[in-house]
Amino acid sequence: MKKYIINGGSKLAGEVAVSGSKNVVLKAIIAACLTNEPVEIKNVPLISDVLVMLELVKEIGGHVKLSGHTVKISVEKIRNIKIPLEMGAKIRTSSMFLAPLLARKKEALIPNPGGCRIGARPIDRHIEGLEKMGAVSKYNSRDGYFHVRTNGLKGTMYRFKKNTHTGTETLIMAATLAHGKTVLENAAQEPEVDDLIGLLNSMGAKIKRTEPRTIVIDGVQKLHRATFEIPPDRNEAITFAILSALTGGAIYIKNIDLLDIKNFVSEFKEAGGKWEKKDSKARFYLTGYVKPTHILTAPHPGFMTDWQGPWAIFMTQAEGDSTIHETIYENRFGYVNELAKMGADLEIYQPEVVNPKEFYNFNYRKNGKHGLKIHGKTHLHNAVLNISDLRAGASLVIAALIAKGESIVFGIEYLERGYEAFDKRLRSLGADIDVIEESLEERSRYAGERGIV
Ligand code: EPZ
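Residues numbered from 1 in each chain as written. Predicted model: local features only at pLDDT ≥ 70, side-chain atom pairs only at ≥ 80, totals over all residues. Heavy atoms only, no water.

Enquirer: Outline the overall build of the protein chain, supporting the account with residue identities and numerical values.
Expert: On a plain count of helices and strands, the protein chain comes out with 16 helices and 23 strands. Relative to its length of 453 residues, the protein chain is compact, with a C-alpha radius of gyration of 22 Å against a globular reference of 22 Å. Along the first, second and third principal axes, the C-alpha set of the protein chain runs to 60 × 50 × 50 Å. When contacts within the protein chain are restricted to residue pairs at least 6 apart in sequence, those whose partners lie at least 24 apart make up 74%. In the structure as shown, the protein chain presents an accessible area of about 18,400 Å², 51% of it carried by carbon and sulfur atoms. Both charge centroids of the protein chain, one from 62 positive and one from 53 negative side chains, sit 5 Å from each other. (Helix = DSSP H or I, 4+ residues; strand = E, 2+ residues; numbered from the N terminus. Rg over C-alpha atoms; globule rule 2.2 N^0.38 Å. Contact = heavy atoms within 4.5 Å. Areas by Shrake-Rupley, 256 points an atom, 1.4 Å probe, with all protein chains shown as cover. Lys, Arg positive; Asp, Glu negative; His and termini not counted. Charge placed at Lys NZ, Arg CZ, Asp CG, Glu CD.)

Printed below as a string of structure tokens:
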């Protein structure tokens, strides 16, 4: 296990390049399994989630050649329809192999992706849609697998009860090779979905978004080879944007697509932030004090749930009381206790909601608390911190970089799931950050805190 040693409080400056989007590349890898011809994917972020997904492609019988940031995938024949439990349970997108396995082999054995630290994350909406396309699914709690089969997927009309980003993508991919037309209603609008549609259409699929939340897919016989470049990661972009604003405003972010983070930019301006774009580089900075804000996370085009952790750090520096109401995941404040160790003044509470079962995007259970109050402005000080999930990790690193003194951040493997060479890029901006292996003694000392038994 690795840890960061961070000496915070200094100004950062320079240029940073945003990596290819994690939440596009993971689905592009699945899309490559829909054809028996080779697919080349460029600008691949070298993150552990990508390596796990490429291992799973090999498990089903595909060939993978990764050189630098380009990967060539060819799944001439699918030789195995079972995704291994241990590896599959590590990553949410393993359930998306349902699409190529059912489309090409009419059968799939998929481990229940299970919960993770941010929530239960079931796939009921994925399975329901596939069943409407003619799949028969049985979950066997003894072996922990979904046993799914079909006599051949057929086009259908399916309306999602609630927004699901990867659920929309799984059904789009399954429908590309189904017999007939599929109409998906109340489909997700996250930009990553449209990036995936672009890739699939370049492989010969026939997909169009006819309304903001309606996607029509005409099934085709087969898909063919393609080359695809992964667009920049918008979650990474806002991590660096907030870091810039809080460390002197002199970080230039290259290859950022502001269109995909429109809601973030408008909230940032609400908070008194400024931004400029100079020849495809964006800089986010402050000229005065930070104003408190009230954020409600929502599916795109709303304020993205993945942004709320870094935003909370930003709001600790606001003059006054801010709130964040998390409506997508039931347990996404994993960073709060850690941030409180640094002197942040936070309180988790339950906002008034008329019909929570309808209102929340997760399957609501009583007595949950889904709001966070942030009293600012607080000067954060150094602490020993434990990362609980990817985006919480990025938030705590920002906090450690603005806090004076030496902080230790454990659980870097969570960060490496989605941020390539994060410490290296931060060092290039002048950050005093080192990554070292934690000792066995430290690991056991902090295991309790991290809930590692
Ligand atoms: C994707 O997760 C992203 N992951 C998430 O990013 C992102 O936060 C989320 O979409 C929202 O945009 C990838 O693309 C790999 P959902 P996903 O299906 O698809 C519940 C990151 O840090 N739900 O829109 O899993 C679910 O539990 C990650 O990069 C069901 O109950 O999100 C969640 O509470 C975190 N049943 C909510 O809906 C279902 O069948 C939203 O889920 C599907 C979802």
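Enquirer: I'd like to hear about the sheet that holds strand S14 (residues 250-254), residue by residue, with values.
Expert: Strand order in the open sheet formed by four strands is S2-S14-S16-S15, with mixed pairing between adjacent strands. Looking at which strands have only one partner, the edges of the open sheet turn out to be strand S2 (13-17) and strand S15 (273-278). The average angle at which neighbouring strand axes cross in this sheet is 25°, direction not considered. Sheet topology places S2 next to S14; five bridges connect them, and they run parallel. Each residue of the ladder has a partner; that of Ala13, found in S14, is Ala250. The strands touched by helix H9 (residues 262-270) are S15 and strand S16 (281-286); relative to S15, the strand with the most contacts, the crossing angle is about 130°. (Pairing = 2+ DSSP bridges. Axes fitted to C-alpha atoms, helices over the stretch in contact; angles between N-to-C directions.)

Enquirer: Quick one: what's the story with the domain arrangement of the protein chain, residue by residue and with numbers?
Expert: Split by domain assignment, the protein chain resolves into domain 1 (2-19 + 232-450) and domain 2 (22-229). The centre of domain 1, based on its C-alpha atoms, is set 29 Å off from the matching centre of domain 2. Across the boundary between the two partners, domain 1 contributes 31 residues, which contact 26 residues of domain 2. Between domain 1 and domain 2 the total buried area reaches about 2,300 Å² when both faces are included, carbon and sulfur atoms providing 41% of it. When residues of domain 1 are sorted by the area they lose upon contact with domain 2, His300, Arg417 and Glu420 head the list and together hold 27% of the total. Connecting domain 1 to domain 2 are two salt bridges. A salt bridge links Arg417 to Asp49; the nearest nitrogen and oxygen atoms lie 2.7 Å apart. Residue assignment for the side of domain 1 that touches domain 2 shows that the elements contributing at least two residues are helix H8 (234-246), helix H12 (356-359), helix H13 (390-402) and helix H14 (412-415). (Domains from an automatic or database assignment. Buried area = accessible area lost by both parts, 1.4 Å probe. Salt bridge = Lys/Arg side-chain N within 4 Å of Asp/Glu carboxyl O.)

Enquirer: Explain the pattern of salt bridges to me, using residue names and the numbers behind them.
Expert: By the definition in use, this model includes 20 salt bridges. Between Lys72 and Glu40 there is a salt bridge, with its nearest N and O atoms 3.7 Å apart. Note that Lys72 is positioned in strand S5 (residues 70-74) and Glu40 in strand S3 (residues 39-42), a separation of 32 residues in sequence. Relative accessible area serves as the criterion here: at 46%, Lys72 is assigned to the partly exposed category. By relative accessible area, which is 18% here, Glu40 ends up buried. (Buried < 20%, exposed > 50% of the residue type's maximum accessible area, 1.4 Å probe, protein only.)

Enquirer: With reference to specific residues and values, describe the site of the ligand.
Expert: Close contacts around the ligand come from 27 residues, with Arg92, Thr164, Thr166, Asp306 and Ile328 the closest. Between the ligand and the protein, one listed contact pairs a nitrogen atom with a side-chain N or O atom of Asp124 at 2.8 Å. A distance of 3.5 Å is found between an oxygen atom of the ligand and a side-chain nitrogen or oxygen belonging to Arg332. Contact with the protein chains hides 97% of the accessible area of the ligand, taken as 820 Å² for the molecule alone. Residues of the shell around the ligand, tallied by class, amount to eight nonpolar, nine polar and 10 charged. Both domains that meet at the shell around the ligand, namely domain 1 (2-19 + 232-450) and domain 2 (22-229), each give it at least three residues. (Near = heavy atom within 4 Å. Polar contact = N/O pair within 3.5 Å; in protein donor to acceptor, adjacent residues only side chain to side chain. Nonpolar A, V, L, I, M, F, W, Y, C, P; charged D, E, K, R; others polar.)

Enquirer: Residues and numbers for the side chain of Asp306, please.
Expert: Its location among the elements puts Asp306 in the loop between strand S17 (294-296) and helix H10 (308-315). A distance of 2.6 Å separates a polar atom in the side chain of Asp306 from a polar atom in the side chain of Arg332. Ignoring sequence-local partners within four residues, the contact set of Asp306 consists of Asn23, Asn235, Arg332 and Arg391.

Enquirer: Describe in detail helix H2 (residues 48-59), supporting the description with residues and values.
Expert: Between the first and last C-alpha of H2 there are 17 Å, a value that for 12 residues agrees with the 16 Å anticipated at 1.5 Å per step. Of the residues making up H2, those classed as buried are Asp49, Val50, Val52, Met53, Leu54, Leu56 and Val57. Along its buried surface, H2 packs onto helix H1 (22-31), strand S4 (63-67), S5 and helix H3 (85-88). The first or second residue beyond H2 is Gly61, which carries a positive phi of 115°. (Expected span 1.5 Å × (residues − 1).)

Enquirer: I'd like to hear about the nonpolar core, residue by residue, with values.
Expert: Ile41, Phe97 and Leu200 are the most contacted members of the largest nonpolar core, which totals 74 residues. If one sorts the elements of this core by residue count, H1 sits on top with seven residues. Apart from residues lying up to four places away in sequence, Ile41 is in contact with Val25, Ala28, Ile29, His69, Thr70, Val71, Ile73, Phe228 and Ile230. Counting 69 residues, the second-largest nonpolar core is a separate cluster that includes Phe314, Ala394, Ile412 and Tyr419. (Core = buried A, V, L, I, M, F, W, Y, C linked by side-chain atoms within 4.5 Å.)

Enquirer: Describe the pairing of S14, naming the residues involved and giving the relevant values.
Expert: Only one face of S14 is covered, namely the face carrying Ile251 and Ile253; the face carrying Ala250, Tyr252 and Lys254 is uncovered. Relative to S16, S14 runs antiparallel, the two being bridged by three bridges. For Tyr252, the partnering residue across the bridge sits in S16 and is Arg283.

Enquirer: Hey, could you go over H13 for me, with residue numbers and the actual values?
Expert: In this model H13 runs 19 Å from its N-terminal to its C-terminal C-alpha over 13 residues, within 8% of the 18 Å that 1.5 Å per residue would give. Across the 13 residues of H13, 13 count as buried, placing the element largely inside the fold. Two to three positions downstream of the cap, the backbone nitrogen of Arg391 sits 3.0 Å from a side-chain oxygen, assigning the N-cap of H13 to Asp389.

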